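What the coordinates show
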Amino acid sequence: MRKLLYLFFSMAIVAALTTYAMWAADRPAGHYLSDLRIKLAVDQGTPADRGNLLGIQPELFPTDYQSPERLHRKLAAYLQQAQDQGLLNEKTVVVLPEHVGTWLMISGEKDELYQAPTLAEAMNWLAASNPLLFARAWLSAKGENRLDDAHLRMKSKSMAKDYQALFGGLAKEFRVTLVAGSIVLPEPSIRDGQLKPGSGALFNSSVVFGRDGVPLGQPQRQMHPIFEQRDVIESEDEHAITVVDTPAGRLGVLIGSDSWYPDNYRQLDELGAQLVAVPAFVVGHGAWNQPWGGYKGSSTPGSVSLKPGEISEGQAWHRLTLTAQPPSSRAIAGISVFLRGQFWDKPSAGQSFLSSNGQQFADGEARGARLLNIWL
């Protein structure tokens, strides 16, 4: 009798594991409907032969990331509309928002993930649908928040591959220089022309792709992640700013809150940066108009007089983006581009803006995908 019970339970466990494996491997294609329209919100200056800085503020949702092909369709539609309006040329530098690549972590997943009511539940589905990847990532996770680290780390190889294929492909397809927002990967680097993740700490990084689709230089890592991210995302050395040469001039990239630090602009000046791209991301319903929370865990630079709560989040971004305040930055133009849309219960709130010659040109409309252009 004992042997019979043992056999019965063994068969039940095998059946359960087999059913789970079949469920985890199943990836049915869900229904997809997305708005491909984008509006030219700001067009500053006069077309000339020096090129232009073009920000694409996309409106994205989890279903846009069901596959790289779906995300390509939407971003390519935005770029095609910009091209139809005469905004793309051989010297155009296109800038996308922070974390536009990070969400590739949810590509190719089950419908239950995209239909989840909260981000936390979606991440549970991500782990449950990829048990071996998640277990391996959990064992190599760093820092205090091993769960979030594992979620970001578990698909890093496919994320890096998809990121380069998608954004490098768009740069080559439309023959533009493309600042591909940012992506969170473990110790990313360019090796033999390919973006490769490592095995160490996670970094929020941006890659610039040339008109041939090939990366320009090494990934620019974020130096000052806000405190909500610091138990997962590592801070880069503060002297790690680099610039790349583009057809429109020398370009520096400051990710998110890195654009709040005057020393970063001074370093860009020393490196001869003429253009500054700021991929950015603000989370929370109405957060753009709520009181600014300050430097969020970092000490306030001595040259910054702002205090938390004095002004709104949006006003702080405008004040601290120093390309608008010469002679603090000698760059001729800068742009801050925010991700719009909603990822489960986490709506985005930033509003993109341009800076040039001490002036700012902002889009005051909070909804929809937007183009912001400045001729150099």
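See the structure above.
Here's a quick rundown of the structure. (Residues numbered from 1 in each chain as written. Predicted model: local features only at pLDDT ≥ 70, side-chain atom pairs only at ≥ 80, totals over all residues. Heavy atoms only, no water.)

With that settled, consider the side chain of Lys 155. Within the fold, Lys 155 resides in the loop between α6 (146-153) and α7 (156-174). Among the polar contacts made by the side chain of Lys 155, one reaches the main-chain carbonyl oxygen of Met 105 at a distance of 3.0 Å. Dropping the residues within four chain positions of it, Lys 155 is found in contact with Met 105, Ile 106, Ser 107, Glu 109, Leu 126 and Leu 133. (Helix = DSSP H or I, 4+ residues; strand = E, 2+ residues; numbered from the N terminus. Polar contact = N/O pair within 3.5 Å; in protein donor to acceptor, adjacent residues only side chain to side chain. Contact = heavy atoms within 4.5 Å.)

What follows covers the nonpolar core. Grouped together as the largest cluster of nonpolar side chains are 58 residues, with contacts concentrated most on Tyr 65, Tyr 163, Phe 167 and Leu 170. The biggest single contributor to this core is α7, with eight residues. Residues in contact with Tyr 163, not counting those within four places in the same chain, are Gly 101, Leu 104, Gly 168, Ala 180, Gly 181, Ser 182, Ile 183, Leu 195, Ser 206, Val 207 and Phe 209. Met 223, Val 304, Leu 320 and Ala 331 belong to the second largest nonpolar core, which has 28 residues in total. (Core = buried A, V, L, I, M, F, W, Y, C linked by side-chain atoms within 4.5 Å. Buried < 20%, exposed > 50% of the residue type's maximum accessible area, 1.4 Å probe, protein only.)

Bringing a nonpolar patch on the surface into the picture now. On the surface, Trp 138, Leu 139 and Leu 147 cluster together to form a nonpolar patch covering roughly 320 Å² of accessible area. With respect to the helices and strands, the residue Leu 139 is situated in helix α5 (residues 131-140). (Patch = residues over 30% accessible without salt bridge, like charges linked within 9 Å, V, L, I, M, F, W, Y side chains within 5 Å. Areas by Shrake-Rupley, 256 points an atom, 1.4 Å probe, with all protein chains shown as cover. Salt bridge = Lys/Arg side-chain N within 4 Å of Asp/Glu carboxyl O.)

Once the charged atoms of two side chains with opposite charge are near each other, the side chains can pair. A full pass over the atoms with the stated rule returns seven salt bridges. Among the ionic pairs, Asp 149 bridges to Arg 153, the shortest N-O distance being 2.7 Å. Placement of both Asp 149 and Arg 153 in helix α6 is noted, with a separation of four residues, approximately one turn of the helix. We note that Asp 149, like Arg 153, is buried. Residue Asp 263 pairs with Arg 266 through a salt bridge whose shortest N-O separation is 2.4 Å. Taken together, the positions of Asp 263 and Arg 266, both in helix α8 (residues 262-270) and three residues apart, correspond to about one turn of that helix. Classification of Arg 266 as partly exposed rests on a relative accessible area of 42%.

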